Amino acid sequence: MFELKTLSPEAVPRALAKAERYRLLNEPAEAESICLDALNIDPDNQDLLVMLLLAITDQFADDAPRVTEAWQTVARLRNDYERLYYTGIIHERRAKALLGHHTPRGGGRAYDWLREAMLCFENAEAIRPPGNDDALLRWNACARLIMRDHRLVPATEEPGEPLLSE
């Protein structure tokens, strides 16, 4: 329908800064659009991929979570630590979106997502760069959320309907 306009390669750093500002203004769709335009010019730019991933996960609270797009984006990260850390972010934000929707049995499902996030953060912690304790901070945040929210308990199997015998 429309042919999108192409950024110049020199505009990529400025676009990244602008995307960050839009995220801070709670405009993740705008940030995402900017990242997509910049990635069209520099598809392997790791900073842009992280910003895109964060913009996508910022939108998990909407009606249709975009987890598949987040997985595809995190898979493009080259650094093992960042891939683990941001995989944890995906899990953590998906859990928070489930809690925000107040869906039936959402607390158990959110608990599972948070525990997966914590596992990712533990694995990231093991290979973190010196002086980078971000994974520990996220692990602690997940643990505190579980300890304070009474809905966050391990999921249990729902008993099925008994079979009727003749």
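Here the structure is a predicted model, which means the values were calculated and not measured.

Conventions we followed
- Residues numbered from 1 in each chain as written.
- Predicted model: local features only at pLDDT ≥ 70, side-chain atom pairs only at ≥ 80, totals over all residues.
- Heavy atoms only, no water.
- Helix = DSSP H or I, 4+ residues; strand = E, 2+ residues; numbered from the N terminus.
- Buried < 20%, exposed > 50% of the residue type's maximum accessible area, 1.4 Å probe, protein only.
- Contact = heavy atoms within 4.5 Å.
- Areas by Shrake-Rupley, 256 points an atom, 1.4 Å probe, with all protein chains shown as cover.
- Lys, Arg positive; Asp, Glu negative; His and termini not counted.
- Charge placed at Lys NZ, Arg CZ, Asp CG, Glu CD.
- Polar contact = N/O pair within 3.5 Å; in protein donor to acceptor, adjacent residues only side chain to side chain.
- Phe/Tyr/Trp six-rings, centres within 6.5 Å; stacked < 30°, edge-to-face > 60°.
- Lys NZ or Arg CZ within 6 Å of the ring centre and 35° of its normal.

### Concerning the overall build of the chain
When helices and strands are counted, the chain shows seven helices and zero strands. Counting helices and strands in the order they occur from the N terminus, the chain gives α-α-α-α-α-α-α. Taken along the three principal axes of its C-alpha coordinates, the chain extends 70 × 50 × 30 Å. Counting only residues that meet the buried cut, the chain has 38% of its 166 residues in that class. Taking contacts inside the chain between residues at least 6 apart in sequence as the whole, the part at least 24 apart equals 63%. With an accessible surface of roughly 10700 Å², the chain has 52% of that area assigned to carbon and sulfur atoms. Charge-centre separation for the chain: the mean point of 20 positive side chains lies 5 Å from the mean point of 28 negative side chains.

### Brief notes about the environment of Arg-23
As for its position among the elements, Arg-23 is in helix α1 (residues 12–24). Under the relative-accessibility criterion, Arg-23 is labelled partly exposed at 21%. Expressed as a C-alpha distance, the spacing of Arg-23 and Ser-8, which sit 15 residues apart in the sequence, is 22 Å. With residues up to four places along the chain from it excluded, the contact list for Arg-23 reads Ala-31, Met-51, Leu-54, Ala-55, Asp-58 and Arg-93. There is a polar contact of 2.6 Å between the side chain of Arg-23 and the side chain of Asp-58.

### Describing the packing of aromatic side chains
Under the definition given, this model contains four aromatic pairs. With a centroid separation of 6.5 Å and 15° between ring planes, the pair formed by Trp-71 and Trp-113 is classed as stacked. Linking Trp-71 in helix α4 (residues 67–74) with Trp-113 in helix α6 (residues 106–126), this pair joins segments that are 42 residues apart in sequence. Relative accessible area serves as the criterion here: at 31%, Trp-71 is assigned to the partly exposed category. A ring pair is formed by Tyr-85 and Tyr-86, whose centres lie 4.9 Å apart and whose planes are at 85°; its orientation type is edge-to-face. A single burial state applies to Tyr-85 and to Tyr-86, both of which are buried. Here a set of aromatic residues connected by ring pairs shows up, and it is made of Tyr-81, Tyr-85, Tyr-86 and Phe-121. The aromatic ring of Trp-113 is capped on one face by Arg-94, whose charged end is 6.0 Å from the ring centroid.

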